Amino acid sequence: MTRLNPYLNFRDEARAAIEFYRDVFGGELTISTFADFQAADDPADADKVMHSQLEAPNGLVLMAADTPSSMEYSSGSSISVSLSGEQADDGELRGYWDKLSSSGTVTVPLEVAPWGDAFGMCVDRFGVSWLVNIAAAQG
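Residues numbered from 1 in each chain as written. Predicted model: local features only at pLDDT ≥ 70, side-chain atom pairs only at ≥ 80, totals over all residues. Heavy atoms only, no water.

- By the naming in an unreviewed UniProt entry, the chain is VOC family protein, taken from Oerskovia rustica.

If you want it as structure tokens, here you go:
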């Protein structure tokens, strides 16, 4: 089975970010540093996150890493992470929304959109854009 997993890059904040996302989504978190793989060209990068992976109980997978100091990094809005589900997932999705937006900025409140679904957008405290869409009840 092929899976599409968001992989987020940070500058010195990957550990804090992925631990925050563990608090949001729950699940098993693994973190490897550049030192763990003797991959730090700059000693200042040794304790930075080379790779982290969060596997939530519901199957969501999120990965994150720090960009080494030798590489260019620009935080940007060129990507958003979308969480979507059916009406049956309403409580779960609203819980994620509450946690992601509570320390961030709501750009579109989570409310019924013109297409009938509940939809909202926020930027979390790490600068990552999130979209949450809860499909309207069918029938």
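Structure's up, so let's keep going.
A few points about the packing of aromatic side chains
Given two aromatic rings, one states the distance between the centres and the angle between the planes to describe the pair.
Now for step 1: Tallying each qualifying case throughout the model produces eight aromatic pairs.
Now for step 2: Here the aromatic rings of Phe-20 and Phe-126 are separated by 5.8 Å at their centres, their planes lie at 55°, and the arrangement is tilted. Placement of Phe-20 in helix H1 (residues 14-25) and of Phe-126 in the loop between strand E7 (118-123) and strand E8 (129-134) is noted, with a sequence separation of 106 residues between them.
Now for step 3: Phe-126 sits in the buried class, given a relative accessible area of 10%. (Phe/Tyr/Trp six-rings, centres within 6.5 Å; stacked < 30°, edge-to-face > 60°. Helix = DSSP H or I, 4+ residues; strand = E, 2+ residues; numbered from the N terminus. Buried < 20%, exposed > 50% of the residue type's maximum accessible area, 1.4 Å probe, protein only.)

Digging into the environment of Pro-57
Now for step 1: Its place among the elements puts Pro-57 in the loop between strand E3 (49-55) and strand E4 (61-66).
Now for step 2: Pro-57 gets classed as exposed once you look at its relative accessible area, which sits at 72%.
Now for step 3: Distance in space between the C-alpha atoms of Pro-57 and Glu-28 is 8.0 Å, their sequence separation being 29 residues.
Now for step 4: The contacts of Pro-57, once residues within four sequence positions are left out, are Phe-25, Gly-26 and Gly-27. (Contact = heavy atoms within 4.5 Å.)

Brief notes about the sheet that holds strand E1 (residues 7-10)
Now for step 1: Sheet architecture is open: four strands sit in the order E1-E4-E3-E2, paired in mixed fashion. Among the strands making up the open sheet, the edge pair consists of E1 and strand E2 (28-33). In this sheet, adjacent strand axes meet at a mean angle of 15° when their direction is disregarded.
Now for step 2: The sheet contact formed by E2 and E3 spans six bridges and is antiparallel. Its bridge partner being in E3, Glu-28 is matched across the sheet by Glu-55. (Pairing = 2+ DSSP bridges. Axes fitted to C-alpha atoms, helices over the stretch in contact; angles between N-to-C directions.)

Some details on the sheet that holds strand E6 (residues 105-112)
Now for step 1: With mixed pairing, the four strands of this open sheet are ordered in space as E5-E8-E7-E6. Edge strands, defined here as strands with exactly one partner in the open sheet, are strand E5 (80-85) and E6. For this sheet, the mean angle separating the axes of adjacent strands, direction not counted, is 10°.
Now for step 2: Taken together, the six bridges between E5 and E8 define a ladder with parallel strand orientation. The residue of E8 that forms the bridge with Ser-80 is Ser-129.

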